[in-house]
Amino acid sequence: MRISMLMINELIKKKAFSVPIHLALGHEAIAVAVAAAMRPSDRLLLTHRNIHYNLACNPSLRREIDEYLLRESGLAGGQNGAMNLTNPDAGVIYTSSILANCLPVATGVAMGQWVSGGDAVTIALTGDGALEEGAFYETLMIANSLNLPLVVVIENNEWSMHTRIDERRCAIDLESIAAAFGMKFYRLAGNDLNLYCDTLRNVRNETSAARKPCMVEVSLSTLGDYTVVEEGSSQGRYINYHTGALTHVSLANGPIIDESERDPVHMLAKLVPKADITRWVHEISAELESQLQ
Amino acid sequence: MTYLAHVNGRIRQVIGKHGRFVSFGQNIGAGSHLAGLTRSLPRSDDQRVVNMPNCENGLIGFGFGLMLEGIDSAFFCKQLDFLLLGCDQIVNTYNMVRLRRPAASFSIVCIAVDSGFEGPQSRLNNLADFGSLADIPTFTISNGPDADAVIDRHLIAPGFRIIAVSQRLFRTEVSRPSQDFADVSVDADAHILRHAAGSDATIAAFNFAFPQAVSVQQDLRDRGLTASLYSIAGTRVLNWDTVIEDVRRTGRLILIDDSRSRNRLADRLRAAVADAGIRCTTIPLYRAIREEDIRPNADEFSVDTEQLYQALNTAVQ
């Protein structure tokens, strides 16, 4: 997934796409865990930053890129572009570029699955910026009022576009909010892929069995941050990556962007011998490049 | 029978004949049942009636989510202006969902609070405004035949639409035109209903102005003039041919619109008639848009038929 995103970044640098693309470097661990936990009848609803989930649910980089190029051979037949990309065959039933928009839709999807019978679970993704929207709270209320099997996953990178959350608003304690709605709450941090996968699998199964919604907060870093000098100031300002090309990140430098806990690939690389990592990178790169020929 | 009882009965009938269905909304299964609009909705294992929390944006998204899962549903909403809270879903989610051409049905059935005494909320009474947000099929019900045609064809049908009823009309008798014209004709989409055929004028009623249009038609008849009478139930009319042909024959077009909007559907018919190259006398009878209507008021919309008659006579001379 990291290599796929870095390849897409190289194409963004070359201005290959007309549609805006939001890379998710640093978000990979939770996406892999969600995709691994999902069963065939489960549903996934996503946000504008959906590339990591779509890549986790869809093995074809070619079809992902074709969608960004608005080609019929794209993942959604060239109908969705990037920010609204769905893949119903893989359970990605709805994606919205509007902050918190997918959450109310997720309650209806979960209700629909319940009406149809079975033990499927609906998983809805959002970010910490969406906590400021009323739709977030409306969703918790509807899901709890109707006992819907809904997992709300909040990717918390502490940024909303180019502004740190603590520069913009008061702190929001999600655990307390979950408690106020009587929901189970889980917190993940540190990019431990095995822990993430085990937790999401358990969350998915418990939600299905209990027919109750729950909340998962994942602390993560959107890699690719940089410093800009703003107009009227001689001081540099640290900015989080939001969209477009990461000009200072290159595939040629390998898949690890930040040699710290912030980078899930770095954390994964610590679990296996370096030689294996090098071999994997070579093999995966060759495979992906062959898709792009 | 009252307008409200007629609409409620038709809704119950259509849902009752259908299979799996979810009716949802605030207080729809309790208390006044939205003043009676949702009283005695069919309930069974397959047909659910769900009282929901007060969160309109969430509820509209909920309906689209059901639609994505192939479940037919209707959101019964107490007031048209409440939909303002869900504009993101009405526009953005609808635009995403319609790309998939869903087979399931999602309808919002809401009450236009046009009785006036709610003050600022009464100011918003034009369903066409909502329709224009995302080219949404929208329908007004202002008489019995409208109710039958719109509810039968659109309450449960693939896709999304908004259907509005008028609070002002709730306790009135179901409007019917003169018994001299008992046959009502309806176009294929239930957009345009012809209630009567005449030779001296064409009357078209928009939004919830049908009772006023009936009054005008009867007044003209008392003066020896016969008029065709149309209610425009669909606000997304793409084909005005049936009305245009009638105007070509009568030479007079009377437009009656009770909406408070600069985006009047009546003006689209007026333009279509002009585009067709028809020379006719057009008399628009529109509700005045007044600043004082923001305050609670009786919200009366009456037509000065004497003035109308003079206008028609002047045109004839």
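All values reported here derive from a predicted model rather than from experimental measurement.

Novice: I'd love a proper account of the packing of aromatic side chains, names of residues and values included.
Specialist: Residue and element names in this part refer to chain B. Evaluation of the coordinates by the stated rule reveals 13 aromatic pairs over all chains. With a centroid separation of 5.0 Å and an interplanar angle of 80°, the aromatic rings of Phe24 and Phe62 are classed as edge-to-face. Pair noted here: Phe24 is in strand 1 (residues 21-25) and Phe62 is in helix 2 (residues 56-68), with a separation of 38 residues, a long-range link. For the pair formed by Phe24 and Phe62, the shared burial category is buried.

Novice: I'd like a rundown of the sheet that holds strand 3 (residues 73-77) of chain B, residues and numbers included.
Specialist: Residue and element names in this part refer to chain B. Taken together, the 6 strands give an open sheet; going across it, the order is 2-1-3-4-6-5, and neighbouring strands pair in parallel fashion. Because the sheet does not close on itself, it has two edges, and the strands there are strand 2 (47-51) and strand 5 (138-141). Here the average twist between neighbouring strands, direction ignored, is 20°. Note: strand 4 (residues 105-112) against strand 6 (residues 159-166), 8 bridges, orientation parallel. Along strand 6, the bridge assignment pairs Cys110 with Ala164.

Novice: Give a description of the side chain of His266(A) that names residues and reports values.
Specialist: Residue and element names in this part refer to chain A. As for its placement among the helices and strands, His266 is situated in helix 10 (residues 264-269). With relative accessibility at 17%, the residue His266 sits in the buried group. The contact partners of His266, leaving out residues within four places of it in the chain, are Ile256, Asp258, Glu259, Ser260 and Glu261.

Novice: Describe the domain arrangement of chain B, listing the residues and the values that go with them.
Specialist: Residues and elements named next belong to chain B. For chain B, the domain assignment lists domain 1 (3-169) and domain 2 (185-316). Look at where the C-alpha atoms of domain 1 and domain 2 centre, and you get two points 26 Å apart. Of the roughly 2800 Å² buried where domain 1 meets domain 2, counting both sides, 49% is carbon and sulfur surface. A per-residue breakdown of the area domain 1 buries against domain 2 is headed by Arg123, Asn125 and Arg168, which together make up 23% of the total. Across the domain 1-domain 2 interface, the total number found is 2 salt bridges. For Asp135, the salt bridge goes to Arg236, with nearest N and O atoms at 2.9 Å. Contributions of two or more residues to the side of domain 1 that touches domain 2 are made by helix 4 (127-133), strand 5, helix 5 (144-155) and strand 6. Residue contributions to the side of domain 1 that touches domain 2 peak at 6 residues, all from helix 5.

Novice: Mind laying out the pairing of strand 1 (residues 43-46) of chain A, listing which residues take part and the relevant values?
Specialist: Residues and elements named next belong to chain A. Bridge count between strand 1 and strand 3 (residues 122-127): 3 bridges; the pairing is parallel. Note that in strand 3 the partner of Leu45 across the bridge is Ala124. Strand direction decides the pairing type here: strand 1 and strand 2 (residues 92-95), joined by 3 bridges, are parallel. Directly across from Leu46, in strand 2, lies its bridge partner Thr95.

Novice: Go over the packing of helix 2 of chain B against helix 3 (residues 87-98) of chain B with me, naming the residues and quoting the values.
Specialist: Residue and element names in this part refer to chain B. Two elements in contact, helix 2 and helix 3, have axes separated by 9 Å at closest approach and are oriented at 15°. Between helix 2 and helix 3, the crossing angle belongs to the class labelled roughly parallel. Both helix 2 and helix 3 take part in a crossing whose hand is right-handed. Within the contact between the two elements, helix 2 uses Asn57, Ile60, Gly61, Phe64, Met67 and Leu68 and helix 3 uses Asp88, Gln89, Ile90, Thr93, Tyr94 and Val97.

Novice: Kindly report on the pattern of salt bridges, identifying the contributing residues and their values.
Specialist: All names here are of chain B. Under the criterion given, the structure shown has 33 salt bridges over all chains. Across the pair Asp114 and Arg168 runs a salt bridge whose closest N-O atoms are separated by 3.5 Å. With Asp114 in the loop between strand 4 and helix 4 and Arg168 in the loop between strand 6 and strand 7 (185-186), this residue pair connects regions lying 54 residues apart in the sequence. In this structure Asp114 comes out as buried when scored by relative accessible area, which is 0%. Exposure remark for Arg168: the relative accessible area of 21% places this residue in the partly exposed category. Across the pair Arg223 and Asp219 runs a salt bridge, and its minimum N-O distance is 2.8 Å. For Arg223, a relative accessible area of 28% puts it in the partly exposed group.

Novice: So what's going on with helix 2 of chain B? Residues and values would help.
Specialist: Its 13 residues place the ends of helix 2 of chain B 19 Å apart at the C-alpha level, agreeing with the 18 Å of an ideal helix rising 1.5 Å per residue. Just downstream of helix 2 of chain B lies Gly70(B), where phi reads positive at about 80°.

Novice: Got a sec to walk through the pairing of strand 12 (residues 281-286) of chain B? Specific residues and values, please.
Specialist: Residue and element names in this part refer to chain B. Alignment of strand 11 (residues 252-257) against strand 12, held across 6 bridges, turns out to be parallel. In the strand pairing of strand 12, Leu253 is matched with Thr282. In the classification by handedness, the crossover that spans strand 11, the intervening helix 8 (residues 265-275) and the parallel strand 12 is right-handed.

Novice: Can you lay out helix 6 (residues 134-145) of chain A for me, pointing to particular residues and giving the numbers?
Specialist: For helix 6 of chain A, which comprises 12 residues, the first-to-last C-alpha distance of 17 Å matches the rise-based estimate of 16 Å (1.5 Å per residue) to within 8%. Inspection of helix 6 of chain A places Ala135(A), Phe136(A), Glu138(A), Thr139(A), Leu140(A), Ile142(A), Ala143(A) and Asn144(A) among the buried residues, and these make up the whole buried set. Close packing links the buried residues of helix 6 of chain A with helix 5 (102-116), strand 4 (150-156), helix 8 (174-180) and strand 8 (214-219) of chain A together with helix 2 of chain B. A positive backbone phi angle near 50° is found at Asn147(A), which sits one or two residues after helix 6 of chain A.

Novice: Can you break down the environment of Pro102(B) residue by residue, with the values?
Specialist: You can see Pro102(B) is positioned in the loop between helix 3 and strand 4. Taking C-alpha positions, Pro102(B) is 26 Å from Gln79(B), a pair spaced 23 residues apart along the chain.

Novice: Quick rundown of the nonpolar core? Include the residues and the values.
Specialist: Met215(A), Phe24(B), Leu83(B), Ile108(B) and Ile162(B) are the most contacted members of the largest nonpolar core, which totals 66 residues. If you tally residues by element for this core, the top one is helix 5 of chain A, at 8 residues. Aside from chain neighbours lying at most four places away, what touches Phe24(B) is Val50(B), Met52(B), Leu59(B), Phe62(B), Gly63(B), Leu66(B), Ser73(B), Ala74(B), Phe75(B), Phe76(B) and Phe106(B). Counting residues in hydrophobic clusters, the runner-up holds 31 residues, among them Phe21(B), Leu41(B), Ala149(B) and Ala190(B).

Novice: I'd like a description of the interface of chain B and chain A, backed by residues and values.
Specialist: Accessible area lost when the parts come together is the quantity often used to give the size of an interface. Across the boundary between the two partners, chain B contributes 27 residues, which contact 29 residues of chain A. Summed over the three residues of chain B that lose the most area to chain A, namely Phe62(B), Glu69(B) and Met96(B), the buried surface amounts to 26% of that side. Across the contact surface, chain B and chain A share 1 salt bridge. For Arg43(A), the salt bridge goes to Glu69(B), with nearest N and O atoms at 2.4 Å.

About the criteria used
- Residues numbered from 1 in each chain as written.
- Chains lettered and ligands numbered in written order.
- Predicted model: local features only at pLDDT ≥ 70, side-chain atom pairs only at ≥ 80, totals over all residues.
- Heavy atoms only, no water.
- Phe/Tyr/Trp six-rings, centres within 6.5 Å; stacked < 30°, edge-to-face > 60°.
- Helix = DSSP H or I, 4+ residues; strand = E, 2+ residues; numbered from the N terminus.
- Buried < 20%, exposed > 50% of the residue type's maximum accessible area, 1.4 Å probe, protein only.
- Pairing = 2+ DSSP bridges.
- Axes fitted to C-alpha atoms, helices over the stretch in contact; angles between N-to-C directions.
- Contact = heavy atoms within 4.5 Å.
- Domains from an automatic or database assignment.
- Buried area = accessible area lost by both parts, 1.4 Å probe.
- Salt bridge = Lys/Arg side-chain N within 4 Å of Asp/Glu carboxyl O.
- Parallel < 35°, antiparallel > 145°, perpendicular 65-115°, else oblique.
- Left-handed = near helix turned anticlockwise from the far one by under 90°.
- Expected span 1.5 Å × (residues − 1).
- Right-handed = clockwise from strand over helix to strand, strands pointing away.
- Core = buried A, V, L, I, M, F, W, Y, C linked by side-chain atoms within 4.5 Å.

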